[in-house]
Amino acid sequence: MPMMRGCSSRTKLAQNQDRAVCMTNCPTLIVTVGLPARGKTYISKKLTRYLNWIGVPTREFNVGQYRRECVKIYKSFEFFRPDNEEGLKIRRQCASAALNDVRQYLSEEGGQVAVFDATNTTRERRETIIQFAEQNGFKVFFVESVCEDPDVIQENIVQVKLGSPDYTNCNTEEAVEDFMKRIKCYENSYETLDEVLDRVLDHIQSRIVYYLMNIHITPRSIYLCRHGESELNVNGRIGGDSGLTPRGKEFGKKLSQFILEQGISDLKVWTSQMKRTIQTAEALHVPYEQWKVLNEIDAGVCEEMMYEEIQDHYPLEFALRDQDKYRYRYPKGESYEDLVQRLEPVIMELERQENVLVICHQAVMRCLLAYFLDKTAEELPYLKCPLHTVLKLTPVAYGCKVESISLNVDAVDTHRERPENVEVSRMSEEALLTVPAHQ
Amino acid sequence: MALRINAEQKKLTQTPLLKIWVPWMGYNLNRRRGSSVPQFCNSPTMIVMVGLPARGKTYISKKLTHYLNWIGVPTKMFNVGQYRREAVKIYKNFEFFKPDNEEAMRIRKACAAAALKDVAAYFSKEQGQVAVFDATNTTRERREIILNYANERGYKVFFVESICDDPEIIAENIKQVKFGSPDYVGRDIDEAMEDFTQRIDCYRASYMPIDDEKDRRLSYIKIFDVGSRYLVNRVLDHIQSRIVYYLMNIHVTPRSIYLSRHGESELNLLGRIGGDSGLSPRGQKYASALAAFIRGQNIRELKVWTSHMKRTIQTAEALGVQYEQWKALNEIDAGVCEELTYEEIQQNLPEEFALRDQDKYRYRYPKGESYEDLVHRLEPVIMELERQENVLVICHQAVFRCLLAYFLDKPADELPYLRCPLHTVLKLTPIAYGCEVESFYLNIEAVNTHRERPVSLLSLQNVNVNRKPEDALQTVPDHI
């Protein structure tokens with residue numbers, strides 16, 4: 001297939017900042033700027049997770065990590081004093097080491113974006129980075145986090161700093177006090193961003209800006225679940241648009257009770273446009289929104305087939321799917337990769353919203369879960385998302401707390417593990433080894 | 001017939017046109033279904049432009065209005081200058097805008113008030129969701145009035161300020177749009193330029209830009225120098241964040257967008273819709289002709305985009321340049337009607353066929369898509385087209401119609417009937433407030449695939465579900 005440059009779901013654009021056509025993508029270096037406890041690492045990690053999920057290979061480089069590897073034991077804020085020559089030397093070395101790894105990742109390992117997470121509060125340091133980028137043909141994009149609100153800063157420190165390796169042996173008050181002094185060390189030399197750089201935002205930069213504008217840190221929870229058990233589920237058939245079984249309806253009722261018990265303020269409920277999710281939502285007796293993009297993966301010619309039938313009629317396709325379940329596209333249908341692209345507006349809206357319950361489908365739920373839990377493309381299609389189970393995701397510190405709540409209504413298992421033999425030449429029995437039981 | 005709702009057994013039914021599952025027929029699903037703009041039952045939003053004359057406010061207003069309407073958010077623009085032109089029939093000169101011209105001041109205030117009243121009517125009586133208030137709004141006082149008006153009625157306000165001091169850009173703006181304005185019709189160009197410059201000066205003295213300190217509670221975006229820098233403050237909700245994203249992606253660098261369908265395909269010849277067939281011999285000829293045409297146009301740094309379907313890719317292959325495949329550019333999914341002829345659809349699914357003619361924009365094929373779905377799917381393509389410069393998009397009939405409707409601001413009921421014949425390239429060049437369209441037929445014959453809305457003396461006769469087959473098939477184009 002000639003010139004699949006865009007890959008199946010995304011365009012990779014040539015960028016021509018300096019008017020010379022750049023035929024391959026210039027990698028991008030995102031550089032955080034800001035005093036300690038301003039959310040730089042939070043932003044770095046989230047951004048990295050988002051970019052990887054949408055298919056842009058991204059890695060973060062936290063200079064503090066390098067420092068911790070170098071200086072095994074953190075004593076106190078004195079390390080960060082501007083007149084601590086020894087400390088400064090080590091910190092400069094760490095920054096260099098990190099930049100070197102950035103160079104390797106972007107130039108040799110196929111990385112597309114590197115997030116350089118450090119304070120970078122002086123013009124001098126940023127100048128070094130800009131030169132480094134120019135030498136290596138990387139574009140640079142700065143993200144500065146500015147915050148003067150003492151409550152926010154305090155909360156940040158409590159959430160993430162106290163758990164840091166630097167403070168494992170301190171009590172809370174000591175740690176907070178030390179950290180405040182640490183911040184002071186940076187304050188005097190802090191020069192806020194005013195560099196004049198590349199003016200035109202390229203595609204990835206404009207996506208990043210859009211993403212950063214949409215995320216928030218207001219505490220909330222996201223509830224993910226599948227529709228109740230459907231008629232086709234029970235028959236081991238994939239796809240289609242069938243209604244709920246009696247057990248599926250039971251789940252709807254239990255879900256309604258569960259939601260009431262959770263006492264969630266202002267809960268938004270989203271479904272797909274397929275009958276089974278809507279029937280489930282109807283049982284909640286609250287307003288809900290239907291999103292077409294939450295529809296289950298389109299299995300094309302395999303819609304409403306059992307796995308046994310797919311093996312019978314399309315053994316080649318079945319094997320190819322097992323070989324690369326993430327990228328495999330059903331004939332006249334979709335792949336998980338397509339699904340991720342389709343779901344991106346949902347993720348963006350989930351970031352904007354607060355408490356949301358998403359009633360969706362197996363493949364869709366896997367994609368959403370992979371985003372929140374930072375799962376790789378290889379893991380994504382095999383994440384376990386059983387029927388009649390609600391996953392409650394609560395963002396905490398740098399990640400997401402997950403609670404799995406089974407609502408105690410029996411259902412058929414629809415999870416098919418990857419079989420051992422994925423060769424095209426395999427026997428039927430080998431292909432069908434991991435198909436879950438059904439009627 | 002009384003509508004009986006059995007509360008115990010709410011059986012879901014699928015609405016015939018949109019294929020949406022609802023608890024009972026007649027249920028008012030007054031939410032935006034499956035659109036990327038979830039329903040908010042939200043407060044309407046006023047977008048308020050701010051800036052000296054000739055800073056691109058009306059350009060931005062129009063583009064934003066087009067875009068929001070296209071993605072399904074009912075939006076209307078209110079240009080206060082229009083109101084002024086209606087009040088003061090003849091524009092004499094810049095003296096009207098002098099800050100000490102009390103008479104004029106009164107008129108201008110009245111015009112702004114009238115526009116605000118119309119905004120309120122648009123929201124309350126016409127189900128509008130966004131109103132773009134296009135005026136200079138350069139004083140804090142004026143902005144206060146608007147904010148109070150909005151707060152009293154529960155509207156959200158988002159300011160868009162355009163700041164530019166580059167004399168070249170401003171002169172260019174004036175040339176492009178002001179000389180054509182009703183205010184300057186029939187005037188000598190130099191005179192007009194002189195007058196307009198004085199007009200700008202009238203505003204300058206009292207201009208107070210949005211202040212980062214004093215106005216930090218307001219939601220706004222400041223655009224500096226046509227997008228070389230942005231300042232965004234307090235984006236409150238989904239629609240504001242979409243607006244900011246859009247504004248950051250548009251540019252004014254001159255460029256052209258070329259739209260073309262794939263060359264004639266095997267299925268086209270047979271009068272069959274959808275599918276994934278290859279090019280017919282004439283289609284292949286078109287591909288070569290397209291290559292020659294493109295070379296002849298001498299386009300700087302042209303990007304070429306296709307769908308994932310064989311016929312667009314085969315067409316692009318003939319160009320001998322790199323191209324990108326977008327799944328989002330695939331033709332509308334006709335679901336169970338894929339690869340059928342219209343005659344077969346009429347025979348097997350006459351009701352569906354009639355429903356489609358009743359509302360071709362919203363009608364969704366069973367297990368397929370509607371034009372409305374297509375627009376949603378194409379939004380990232382439009383966003384990227386805005387970002388890019390010279391692009392050739394090789395796509396399909398329905399997709400072409402959606403893209404064209406965006407650029408030419410065609411409403412939803414016209415969109416599915418726009419003419420997009422095979423073997424014809426449309427060249428769109430943005431100018432002034434709109435788009436210049438040039439059509440190039442490359443002289444390779446092809447079947448006609450355009451099916452008009454069946455017309456009859458009685459307006460609904462030929463879209464009625466009970467119509468006769470001959471009436472239904474009246475406008476089907478010829479094929480093998």
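Residues numbered from 1 in each chain as written. Chains lettered and ligands numbered in written order. Predicted model: local features only at pLDDT ≥ 70, side-chain atom pairs only at ≥ 80, totals over all residues. Heavy atoms only, no water.

Examining the overall build of chain B
And step 1. Assigned secondary structure in chain B consists of 15 helices and 14 strands.
And step 2. Relative to its length of 480 residues, chain B is compact, with a C-alpha radius of gyration of 26 Å against a globular reference of 23 Å.
And step 3. C-alpha extents for chain B along the principal axes are approximately 75 × 65 × 45 Å.
And step 4. Evaluated residue by residue, chain B yields a buried proportion of 56% over its 480 residues.
And step 5. A separation threshold of at least 6 residues defines the contact pool for chain B, and within that pool the share at least 24 residues apart is 69%. (Helix = DSSP H or I, 4+ residues; strand = E, 2+ residues; numbered from the N terminus. Rg over C-alpha atoms; globule rule 2.2 N^0.38 Å. Buried < 20%, exposed > 50% of the residue type's maximum accessible area, 1.4 Å probe, protein only. Contact = heavy atoms within 4.5 Å.)

A few points about the domain arrangement of chain A
Residues and elements named next belong to chain A.
And step 1. Per the domain assignment, the segments of chain A are domain 1 (28-214) and domain 2 (222-432).
And step 2. Relative placement of domain 1 and domain 2: their C-alpha centres are 36 Å apart.
And step 3. On the domain 2 side, the residues contacting the 16 residues of domain 1 number 16 residues.
And step 4. Where domain 1 packs against domain 2, one counts 2 salt bridges.
And step 5. Along the contact surface separating domain 1 from domain 2 lie 8 residue pairs in polar contact (both at pLDDT 80 or more).
And step 6. Among the secondary structure elements, those contributing two or more residues to the side of domain 1 that touches domain 2 are helix 1 (40-53), helix 5 (150-161) and helix 7 (203-214).
And step 7. Ranked by residue count, the leading element in the side of domain 1 that touches domain 2 is helix 1, at 7 residues.
And step 8. Of the residues assigned to the side of domain 1 that touches domain 2, the class counts are 8 nonpolar, 3 polar and 5 charged. (Domains from an automatic or database assignment. Salt bridge = Lys/Arg side-chain N within 4 Å of Asp/Glu carboxyl O. Polar contact = N/O pair within 3.5 Å; in protein donor to acceptor, adjacent residues only side chain to side chain. Nonpolar A, V, L, I, M, F, W, Y, C, P; charged D, E, K, R; others polar.)

Quick notes on the UniProt feature "active site" (unreviewed entry) in chain A
Residue and element names in this part refer to chain A.
And step 1. Mapped onto the present numbering, the UniProt feature "active site" (unreviewed entry) falls on His-227 and Glu-296. Spatially, the listed residues are clustered: although they cover 70 residues, their C-alpha atoms lie within 10.8 Å of one another.
And step 2. With respect to the element layout, His-227 can be found in the loop between strand 5 (222-226) and helix 8 (231-234).
And step 3. Once you skip the residues sitting within four places of it in the chain, His-227 turns out to touch Asn-233, Phe-251, Arg-276, Thr-277, Thr-280, Ile-359, Cys-360, His-361 and Leu-387. (UniProt positions renumbered as here; feature names shortened; annotations may be inferred.)

Focus on the sheet that holds strand 1 (residues 28-33) of chain A
Residue and element names in this part refer to chain A.
And step 1. Pairing within the open sheet is parallel, and its 4 strands lie in the order 2-3-1-4. Whereas interior strands pair on both sides, the edge strands pair on one side only; in this sheet they are strand 2 (58-62) and strand 4 (139-144). Put simply, the sheet's adjacent strands are angled 20° from each other on average, direction ignored.
And step 2. In this sheet, strand 3 (residues 113-117) lies alongside strand 2 in parallel orientation, the contact comprising 5 bridges. Its bridge partner lying in strand 3, Phe-61 is registered against Phe-116.
And step 3. Across the face of the sheet, helix 2 (residues 63-70) comes into contact with strand 2 and strand 3 while running at roughly 50° to strand 2. (Pairing = 2+ DSSP bridges. Axes fitted to C-alpha atoms, helices over the stretch in contact; angles between N-to-C directions.)

Thoughts on the state of the cysteines
The bond known as a disulfide is covalent and runs between the sulfur atoms of two cysteines.
Residues and elements named next belong to chain A.
And step 1. Per the counting criterion, the structure on display carries 0 disulfides over all chains.
And step 2. Left unpaired, Cys-147 is separated from the closest cysteine sulfur, that of Cys-185, by 19 Å.
And step 3. Using a relative accessible area of 18% as the deciding quantity, one classes Cys-147 as buried.
And step 4. In this structure Cys-360 is a free cysteine whose sulfur lies 7.1 Å from that of Cys-225, the closest cysteine sulfur available. (Disulfide = S-S within 2.5 Å.)

Re the packing of aromatic side chains
By convention here, two paired aromatic rings are described through the distance between centres and the angle between planes.
Residues and elements named next belong to chain A.
And step 1. If you walk through the whole model with that rule in mind, you get 31 aromatic pairs over all chains.
And step 2. With a centroid separation of 6.0 Å and an interplanar angle of 25°, the aromatic rings of Tyr-307 and Phe-318 are classed as stacked. Here Tyr-307, found in helix 11 (residues 307-313), pairs with Phe-318, found in helix 12 (residues 315-323); they are 11 residues apart in sequence, far enough to count as distant.
And step 3. Overall, the relative accessible area of 12% leaves Tyr-307 in the buried class. (Phe/Tyr/Trp six-rings, centres within 6.5 Å; stacked < 30°, edge-to-face > 60°.)

A word on the packing of helix 7 (residues 238-249) of chain B against helix 13 (residues 371-387) of chain B
Residues and elements named next belong to chain B.
And step 1. For the pair helix 7 and helix 13, interaxial distance at closest approach is 8 Å and the crossing angle is 35°. Within the contact between the two elements, helix 7 uses Arg-242, Tyr-245, Tyr-246 and Asn-249 and helix 13 uses Glu-379, Met-383, Glu-386 and Arg-387.
And step 2. Of the residues belonging to the contact of helix 7 with helix 13, the class tally is 3 nonpolar, 1 polar and 4 charged.

Some details on the pairing of strand 7 (residues 220-224) of chain B
Residues and elements named next belong to chain B.
And step 1. Summarising burial for strand 7: 5 of the 5 residues are buried, a large majority.
And step 2. What you see with strand 7 is no split at all: Tyr-220, Lys-222 and Phe-224 on one side and Ile-221 and Ile-223 on the other are buried throughout.
And step 3. With 5 bridges connecting them, strand 6 (residues 156-163) and strand 7 associate as parallel partners. When the bridges of strand 7 are listed, Ile-163 appears paired with Phe-224.
And step 4. Here strand 7 pairs with strand 8 (residues 229-233) via 5 bridges, running antiparallel. The residue bridging Ile-221 from the neighbouring strand is Val-232, located in strand 8.
And step 5. The hairpin turn running from strand 7 into strand 8, its antiparallel successor, is 4 residues long, and Asp-225 in that turn takes a positive phi close to 50°.

Here's the deal with a negative patch on the surface
And step 1. A cluster of acidic side chains, namely Asp-165, Asp-166, Glu-168 and Asp-225 of chain B, defines a negative patch on the protein surface.
And step 2. Relative to the assigned elements, Asp-165 of chain B resides in the loop between strand 6 and helix 5 (167-178). (Patch = residues over 30% accessible without salt bridge, like charges linked within 9 Å, V, L, I, M, F, W, Y side chains within 5 Å. Areas by Shrake-Rupley, 256 points an atom, 1.4 Å probe, with all protein chains shown as cover. Lys, Arg positive; Asp, Glu negative; His and termini not counted. Charge placed at Lys NZ, Arg CZ, Asp CG, Glu CD.)

Quick word on the confidence of the model for chain A
And step 1. Averaged over all residues, the pLDDT of chain A equals 89, while 93% of them reach at least 70.
And step 2. Note that residues 1-24 of chain A has pLDDT below 50 and, in this model, 59 contacts with residues that lie over four places away or in other chains. (pLDDT = per-residue confidence, 0-100.)

With respect to unusual backbone geometry
And step 1. The phi torsion at Ala-397 of chain A lies on the positive side, around 45°, for a residue other than glycine.
And step 2. Residue placement: Ala-397 of chain A occurs in the loop between strand 9 (389-396) and strand 10 (399-406).
And step 3. A residue is classified by how much of its surface remains accessible, and Ala-397 of chain A, at 28% relative accessible area, is partly exposed.
And step 4. One non-glycine residue, Asp-225 of chain B, lies in positive phi territory at about 50°.
And step 5. Relative to the elements of secondary structure, Asp-225 of chain B occurs in the loop between strand 7 and strand 8.
And step 6. For Asp-225 of chain B, a relative accessible area of 34% puts it in the partly exposed group.

Section: the pairing of strand 9 of chain A
The two faces of the sheet receive side chains in turn, since in a regular strand these alternate between them.
Residues and elements named next belong to chain A.
And step 1. Burial analysis of strand 9 places 6 of its 8 residues in the buried class, the great majority of the element.
And step 2. Pairing geometry for strand 5 and strand 9, over 3 bridges, is antiparallel. Counterpart to Ile-222 in the pairing with strand 9 is Leu-393.
And step 3. Bridge count between strand 9 and strand 10: 8 bridges; the pairing is antiparallel.

As for the packing of helix 13 of chain B against helix 14 (residues 397-408) of chain B
Residues and elements named next belong to chain B.
And step 1. Where helix 13 contacts helix 14, the two axes come as close as 9 Å, and the packing angle between them is 60°. By the angle between their directions, the pair helix 13 and helix 14 is classed as oblique. Between helix 13 and helix 14 lies a crossing of right-handed hand. Residues Tyr-371, Leu-374, Val-375, Leu-378, Val-381, Ile-382, Leu-385 and Glu-386 of helix 13 touch helix 14, and the partners they reach there are Ala-398, Val-399, Arg-401, Cys-402, Leu-403, Tyr-406 and Phe-407.
And step 2. For the contact of helix 13 with helix 14, the per-class residue count stands at 13 nonpolar, no polar and 2 charged. (Parallel < 35°, antiparallel > 145°, perpendicular 65-115°, else oblique. Left-handed = near helix turned anticlockwise from the far one by under 90°.)

Section: the sheet that holds strand 11 (residues 324-325) of chain B
All names here are of chain B.
And step 1. Strands sit in the order 11-10-12-9-13-14 across an open sheet of 6 strands; the sheet is mixed. The sheet is open, and its two borders are formed by strand 11 and strand 14 (434-441), each paired with just one other strand.
And step 2. Both strand 9 (residues 257-261) and strand 13 (residues 424-431) contribute to a ladder of 4 bridges, which runs antiparallel. Pairing of Ser-260 across the sheet is with Val-425, part of strand 13.

Quick word on the side chain of Asp-178 of chain A
And step 1. One can find Asp-178 of chain A in helix 6 (residues 172-187).
And step 2. When neighbours within four sequence positions are excluded, Asp-178 of chain A is seen to be in contact with Tyr-74, Ser-76, Phe-77 and Tyr-167 of chain A.

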